[in-house]
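Notes for the structure review
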Amino acid sequence: MMPQDEPKFDELYRELILDHYRYPHNRGVLEKPDVDMQQHNPVCGDEIRLTAIIEDGTISQIEFMGQGCSISQASASMLTDRVTGLELTDVDALSVEFRNMLRGDDPDEQMMQDLMALQGVSKYPVRVKCAVLAWDTLQKALKLK
Ligand code: ZN
């Protein structure tokens, strides 16, 4: 049987993903958040909860809690880094670009930055759900989809 469930990443990207998994950024639950949303991916058992403070149409603070595979947790950690300080319209655009990348589209590397690390997941349809879980949760929390 082919080990098709374990994506192969470039060494640099693999390190980045493992680093976010081992030392997640913005991990926690905010007090009195404006949005509080929890989602799970039953295929893999991943769970993500996001809490965020929205001020003047901008995400001023966001934290995540969760458990699951390294891809789901690293993706959530990267998401919190990227969307802090972003206007909601930019969050929406970034979410769409991220999803398109995982569907196999050529991403805008300038826009994706560190999120490029997850591009390799697009070759593993089962794991795409892991990578988009945090983005799904955010879009749902912000009613962007
Ligand atoms: Zn997973």
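Attention in this report is confined to the structure presented alongside it. (Residues numbered from 1 in each chain as written. Predicted model: local features only at pLDDT ≥ 70, side-chain atom pairs only at ≥ 80, totals over all residues. Heavy atoms only, no water.)

Concerning the sheet that holds strand β2 (residues 46-55)
Read from one edge to the other, the open sheet built from 3 strands follows the order β1-β2-β3, with strand pairing classed as antiparallel. At either margin of the open sheet sits one strand with a lone partner, and together these are β1 (35-41) and β3 (58-67). Sheet twist, expressed as the average angle between the axes of neighbouring strands with direction ignored, equals 20 degrees. Bridging between β2 and β3 involves 9 bridges; their strand directions are antiparallel. Across the sheet, alanine 52 pairs through a bridge with isoleucine 62, a residue of β3. Each of β2 and β3 is contacted by helix α2 (residues 70-83), which is oriented at about 170 degrees to β3, the strand it contacts most. Packed onto the sheet, helix α5 (residues 125-141) meets β1, β2 and β3 and runs at close to 150 degrees relative to β1. (Pairing = 2+ DSSP bridges. Helix = DSSP H or I, 4+ residues; strand = E, 2+ residues; numbered from the N terminus. Axes fitted to C-alpha atoms, helices over the stretch in contact; angles between N-to-C directions. Contact = heavy atoms within 4.5 Å.)

As for the coordination of the zinc ion
Looking at the metal site, the zinc ion is ligated by Cys44 (SG), Asp46 (OD), Asp46 (OD), Cys69 (SG) and Cys130 (SG), spaced 2.1 to 2.7 Å from it. Linear spacing of the donor residues for the zinc ion on their chain is C-x1-D-x22-C-x60-C. Residue cysteine 44 is found in the loop between β1 and β2, and its partner cysteine 130 is found in helix α5; the two are separated by 86 residues along the sequence. Residue cysteine 130 is classed as buried on the basis of its relative accessible area of 0%. (Donors = N, O, S within 2.8 Å, 3.2 Å for Na, K, Ca; no water. Buried < 20%, exposed > 50% of the residue type's maximum accessible area, 1.4 Å probe, protein only.)

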